[in-house]
Number of protein chains: 2
Amino acid sequence: MSARTLLVDVHTHLYLPRYASLLRSRASVPMIRSRADGDRLIILDNEPSGGRPVGSQYWDRDQKLAFMDKHGIDISIVSTANPWLDFLSVSEATSMANSLNQDLEEYCSSGPSFSPTLQRLYGMGLLPLVPSISVPTILDEVDHVAQLPHLRGVIMGTRGIGKGLDDDALEPVWSKISDKGLVIFLHPHYGVSSSDVWGEKDNGHVLPLALGFPFETTVATTRMILAGVFDRHPSLKILLAHSGGALPILSSRLASCITHDPVVASRLQHDARWYLGKLYYDAVAYGAEELGFVSSTIGRAGKYGTPTTEAVAGSSHMTFGTDHPFFPPILDAVKQDSKWMSVVENLKAIDGVRDWSEAEKSAVRGQNALKLFGLN
Amino acid sequence: MSARTLLVDVHTHLYLPRYASLLRSRASVPMIRSRADGDRLIILDNEPSGGRPVGSQYWDRDQKLAFMDKHGIDISIVSTANPWLDFLSVSEATSMANSLNQDLEEYCSSGPSFSPTLQRLYGMGLLPLVPSISVPTILDEVDHVAQLPHLRGVIMGTRGIGKGLDDDALEPVWSKISDKGLVIFLHPHYGVSSSDVWGEKDNGHVLPLALGFPFETTVATTRMILAGVFDRHPSLKILLAHSGGALPILSSRLASCITHDPVVASRLQHDARWYLGKLYYDAVAYGAEELGFVSSTIGRAGKYGTPTTEAVAGSSHMTFGTDHPFFPPILDAVKQDSKWMSVVENLKAIDGVRDWSEAEKSAVRGQNALKLFGLN
């Protein structure tokens, strides 16, 4: 298969069987609850509609591969879906991280090959990021992930070890992840709001998913910028879920607010917009104009450097994703026969970006991900 | 002065003397507190840095006009800054709304003329939007505002009468505002987060202002879309602060989440992206790429209609603003002599939008606002 048609999915989730069993064993959120009309996944407090239908598409590798085949996806970099290990004790999280990373390595390495040198499945592992854990324990698990040949990064929520990702205690974690060349996939789970912000109307999952999720990613990344994490760790490779949420559209406002606030005005090495060029973004925004705009904020970052730094092509930091197995078609008839609209829309969006050449679009579909994850 | 150079500021605030006195009389937030080093405005719970310096730039009309002159602003549509009347009792809010609207009419009408037919100052009034108020009392104040010739709209926060702007009880308010042709300026105050979402680091006002404010506008507008407000009131003219916050960048994700949620999938008359073409946006985003992107989401809205509706030029729904007297220069030396960077950046952003013709840029600076507010 030529590089032109390569399709790599960097945003695709699973619950490994060990993790699904854990969710089944629980009586509080997060949990899987058996119902007469099928099992339900309940991962949010006050989950609307009694939770989401959940089934083997979350843990069965054959179903992942069938989904990939249906949509022409050659390689997937799979990651555990939220809420990861956040709800576990220190000892449970430590042990589960270790076991699940081993499981994921096995899931990938025993799967089909794409080429003589590449598998079809790679993974991002988990770290035991829970309150009260010792940082050396986290570092041990980074080492473990780095030793597993099919794991190329870690997926991470926004709470860190209880104080968020701008916590000074995480400095050794950023250093080691950076040293090992692992990618961090920064992914939301909690939103940023108490549920009363969403109001009293029944809007299903729309508000927390469409707005709360990207807000959370935006806040977490901004706090890392403000804390100087990217000044101290210039080689850190962070992939932002959902095309960086609202960070790109708010980045000039952020720069202005920083400039006008005596508390932070002189703290950073660069204008806030510069840091957007250091980050990576999945292309999961469902619209061509959105992707083009995100690309432009990456591309303009260099001119906000001190001194001005070389511009990167915005597209080079963007990579196709699906969010599978979330966003399934809601009509059963469609589910059987057709491609998923969520996937079709993201592919159409890439194809429709006015300012991207065909070579750039092709790279967003595949080669950029191989490069980011060290698979090329 | 030719239409080419006309500059109209739709996002410019004040605290009328009557309102400033109210803030001075209070011992809890919102309040103005006298300090040895100058008065401080405290409008947020847990206000960072002991509040913002506040002085006559907030209430002195001469200072507003001097600011306008310094920056070449011909006409300002002024509005009371947050938090408006939100903290008052029903009777206080009713009485203050009436008096402040009368004060604002006087502030505008007794000010200088711009031309034989236009003043330099127009205003947006206040409604007594507080919990437990009777809707007819609100409607009376809409009538009052509509009778005051220099008031052309109302500024509004996001809480409505306690349940947000998707509250069915507000239906008669939308009807009357729409009938009277008044503009609603939707403006944030609360953010969407409990302060712990911003973390423990001292980042001044940056996080609530740069992120919380636009998130709040985004949530409020989305809730109105989901409640069908724009389906039922197609003539309602809503101007969104800060270029609509994160709504444009999240609008395709919003559409996807709606399509994939059984609770809301069939509720709306149109794809979520269609509604963005019904809205108006200030050009207060501090970057050319941002403005160009917002414009593209307005311009594409028509193709998401059912049936497809005629496209509007995105720029035609966007209007210059400054956010004065917020975002002052932080260096005193600069303050004396130079233009405000916040204003210069917003003008430069308009000038830099790649896809706007010179005529469109000119219209964003002035004529679009005159048209929106019925001044042309």
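Note: the structure precedes this text.
Residues numbered from 1 in each chain as written. Chains lettered and ligands numbered in written order. Predicted model: local features only at pLDDT ≥ 70, side-chain atom pairs only at ≥ 80, totals over all residues. Heavy atoms only, no water.

Novice: Any chance you could break down the overall build of chain A for me, citing the residues and the numbers?
Specialist: Across its full length, chain A carries 13 helices and 11 strands. Relative to the compact-globule value of 21 Å for 376 residues, chain A shows a C-alpha radius of gyration of 20 Å, a close match. The principal-axis extents of the C-alpha atoms in chain A amount to approximately 60 × 50 × 50 Å. When burial is assessed residue by residue, chain A has 62% of its 376 residues classed as buried. Contacts in chain A between residues far apart in sequence, at least 24 positions, make up 75% of those at least 6 positions apart. Surface accessibility of chain A: about 13200 Å² in total, with carbon and sulfur atoms responsible for 50%. Both charge centroids of chain A, one from 34 positive and one from 41 negative side chains, sit 2 Å from each other. (Helix = DSSP H or I, 4+ residues; strand = E, 2+ residues; numbered from the N terminus. Rg over C-alpha atoms; globule rule 2.2 N^0.38 Å. Buried < 20%, exposed > 50% of the residue type's maximum accessible area, 1.4 Å probe, protein only. Contact = heavy atoms within 4.5 Å. Areas by Shrake-Rupley, 256 points an atom, 1.4 Å probe, with all protein chains shown as cover. Lys, Arg positive; Asp, Glu negative; His and termini not counted. Charge placed at Lys NZ, Arg CZ, Asp CG, Glu CD.)

Novice: Break down the pattern of salt bridges for me, citing the residues and quoting the values.
Specialist: Here the structure, examined in full by the defined rule, presents 38 salt bridges over all chains. Residue Asp355(A) is joined to Arg354(A) by a salt bridge in which the shortest nitrogen-to-oxygen separation is 3.8 Å. Residue classification places Asp355(A) among the partly exposed positions, given a relative accessible area of 47%. By relative accessible area, Arg354(A) is classed as exposed at 56%. One network of salt bridges, with partners in common, ties together Arg354(A), Asp355(A), Arg354(B) and Asp355(B). (Salt bridge = Lys/Arg side-chain N within 4 Å of Asp/Glu carboxyl O.)

Novice: Explain the relation of the copies chain B and chain A to me, and be specific about the residues and the numbers.
Specialist: Superposing chain B onto chain A requires a rotation of 180° together with a translation of 0.0 Å along the rotation axis, leaving an RMSD of 0.0 Å. The symmetry that links the two subunits is that of a two-fold axis. Relative to the rotation axis, the C-alpha of Ser193(B) is the closest in chain B, positioned 2.4 Å from it. With an isologous cut-off of 70% or more, the 100% of interface residues of chain B that recur at the interface of chain A puts this contact in the isologous class. (Least-squares fit on C-alpha atoms with pLDDT ≥ 70 in both.)

Novice: Any details on the pairing of strand E7 (residues 151-156) of chain B? Residues and values, ideally.
Specialist: Along any regular strand the residues' side chains alternate between the sheet's two faces. Residue and element names in this part refer to chain B. Of all the 6 residues making up E7, 5 are buried; the element is thus mostly covered by neighbouring parts of the structure. Here 3 bridges tie strand E6 (residues 121-125) to E7, and the two strands are oriented parallel to one another. Following the sheet pairing, Gly-123 is matched in E7 by Leu-151. Considered for its hand, the β-α-β crossover made up of E6, helix H4 (residues 135-147) and E7 is right-handed. Across 4 bridges, the pairing between E7 and strand E8 (residues 183-186) is parallel. Considered in E8, the bridge of Met-156 is made with Leu-186. As a crossover connection, the stretch from E7 through helix H5 (residues 171-180) into E8 is right-handed. (Pairing = 2+ DSSP bridges. Right-handed = clockwise from strand over helix to strand, strands pointing away.)

Novice: Tell me about the packing of aromatic side chains, residues and numbers included.
Specialist: For the structure on display, the rule yields 16 aromatic pairs over all chains. Where Tyr15(A) meets Tyr58(A), the ring centres are 5.5 Å apart and the plane angle is 15°; that geometry is what we call stacked. Here Tyr15(A), found in the loop between strand E1 (8-14) and helix H1 (17-24), pairs with Tyr58(A), found in the loop between strand E4 (52-53) and helix H2 (61-71); they are 43 residues apart in sequence, far enough to count as distant. Ring centres of Tyr19(B) and Phe87(B) lie 6.4 Å apart, and the angle between their planes is 75°; this geometry places the pair in the edge-to-face category. (Phe/Tyr/Trp six-rings, centres within 6.5 Å; stacked < 30°, edge-to-face > 60°.)

Novice: Please give an account of the interface of chain B and chain A that cites residues and values.
Specialist: Opposite the 71 residues of chain B that make contact, chain A presents 71 residues. For the pair chain B and chain A, the summed buried area comes to about 5900 Å², and 62% of that belongs to carbon and sulfur atoms. Among the residues chain B hides against chain A, the three largest losses belong to Ile249(B), Arg253(B) and His260(B). Together they make up 13% of the total. Joining chain B to chain A, the criterion identifies 10 salt bridges. On the surface where chain B and chain A come into contact, there are 25 residue pairs in polar contact (both at pLDDT 80 or more). Mapped onto the side of chain B that touches chain A, the elements with two or more residues apiece are helix H6 (206-226), helix H8 (247-259), helix H10 (288-299) and helix H12 (341-351) of chain B. A per-element tally of the side of chain B that touches chain A places H6(B) first, with 13 residues. (Buried area = accessible area lost by both parts, 1.4 Å probe. Polar contact = N/O pair within 3.5 Å; in protein donor to acceptor, adjacent residues only side chain to side chain.)

Novice: With reference to specific residues and values, describe unusual backbone geometry.
Specialist: Omega for the bond connecting Val29(A) with Pro30(A) falls within 30 degrees of zero, at 0°, which places this linkage in the cis form. Here the bond from His324(B) into Pro325(B) is cis, since omega is 0°, no more than 30 degrees from zero. One can find Pro325(B) in the loop between strand E11 (318-319) and helix H11 (332-337). Even without being glycine, Trp84(A) reaches a positive phi, approximately 55°. Here the phi dihedral of Ser243(B) falls at roughly 55°; this positive angle occurs in a residue that is not glycine. Among the secondary structure elements, Ser243(B) is positioned in the loop between strand E9 (237-240) and H8. We classify Ser243(B) as buried; its relative accessible area is 2%.

Novice: Any chance you could break down the sheet that holds E11(B) for me, citing the residues and the numbers?
Specialist: Within the open sheet, the 8 strands sit side by side as E1-E5-E6-E7-E8-E9-E10-E11 (chain B). Their pairing is parallel. The open sheet has two edge strands, strand E1 (8-14) and E11 of chain B, and neither has a second partner.

Novice: Describe the sheet that holds strand E4 (residues 52-53) of chain B, listing the residues and the values that go with them.
Specialist: Residue and element names in this part refer to chain B. The strand order across the open sheet built from 3 strands is E2-E3-E4, with neighbouring strands paired in antiparallel fashion. The open sheet has two edge strands with one neighbour each: strand E2 (31-33) and E4. Alignment of strand E3 (residues 40-42) against E4, held across 2 bridges, turns out to be antiparallel. Across the sheet, the residue bridging to Arg-40 is Pro-53, located in E4.

Novice: Could you give an account of the pairing of strand E9 (residues 237-240) of chain A, with specific residues and numbers?
Specialist: Residues and elements named next belong to chain A. Pairing analysis gives 4 bridges linking strand E8 (residues 183-186) to E9, with the strands arranged parallel. Residue pairing across strands places Phe-185 opposite Leu-239, the latter belonging to E9. Bridge analysis of E9 against strand E10 (residues 280-282) gives 2 bridges, and the strand direction is parallel. Residue pairing for E10: Leu-239 is matched across the bridge by Tyr-280.

Novice: Explain the packing of H6(B) against H8(B) to me, using residue names and the numbers behind them.
Specialist: All names here are of chain B. For the pair H6 and H8, the least separation of the axes is 12 Å and the interaxial angle reads 40°. Where H6 crosses over H8, the two elements pack in a sense that is right-handed. Facing Thr-218, Thr-221, Thr-222 and Leu-226 of H6, the residues of H8 in contact are Leu-247, Leu-254 and Ile-258. Residues that form the contact of H6 with H8 fall into these classes: 4 nonpolar, 3 polar and no charged. (Axes fitted to C-alpha atoms, helices over the stretch in contact; angles between N-to-C directions. Left-handed = near helix turned anticlockwise from the far one by under 90°. Nonpolar A, V, L, I, M, F, W, Y, C, P; charged D, E, K, R; others polar.)

Novice: Mind laying out H10(B), listing which residues take part and the relevant values?
Specialist: For H10(B), which comprises 12 residues, the first-to-last C-alpha distance of 16 Å matches the rise-based estimate of 16 Å (1.5 Å per residue) to within 8%. Among all positions in H10(B), only Ala288(B), Glu290(B), Leu291(B), Phe293(B), Val294(B), Ser295(B), Thr297(B) and Ile298(B) are buried. (Expected span 1.5 Å × (residues − 1).)

Novice: I'd like a description of the nonpolar core, backed by residues and values.
Specialist: Counting residues in each nonpolar core, the largest one holds 262 residues, and the members touching the most others are Ile177(A) and Ile177(B). Contact partners of Ile177(A), with chain neighbours within four places excluded, come to Leu127(A), Val142(A), Val154(A), Met156(A), Leu182(A), Ile184(A) and Leu236(A). (Core = buried A, V, L, I, M, F, W, Y, C linked by side-chain atoms within 4.5 Å.)

Novice: Explain the packing of H4(B) against H5(B) to me, and be specific about the residues and the numbers.
Specialist: Relative placement of two packed helices is described by the angle separating their axes and the distance separating the axes. Residue and element names in this part refer to chain B. Remark: H4 packs on H5, axes separated minimally by 10 Å, with the N-to-C direction vectors making an angle of 10°. Considering the angle they form, H4 stands roughly parallel to H5. In this structure, H4 contributes Val-135, Ile-138, Leu-139, Val-142, Asp-143 and Ala-146 to the contact, and H5 contributes Pro-172, Val-173, Lys-176, Ile-177 and Lys-180. The residue makeup of the contact of H4 with H5, split by class, is 8 nonpolar, no polar and 3 charged. (Parallel < 35°, antiparallel > 145°, perpendicular 65-115°, else oblique.)

Geometry only, nothing functional implied.
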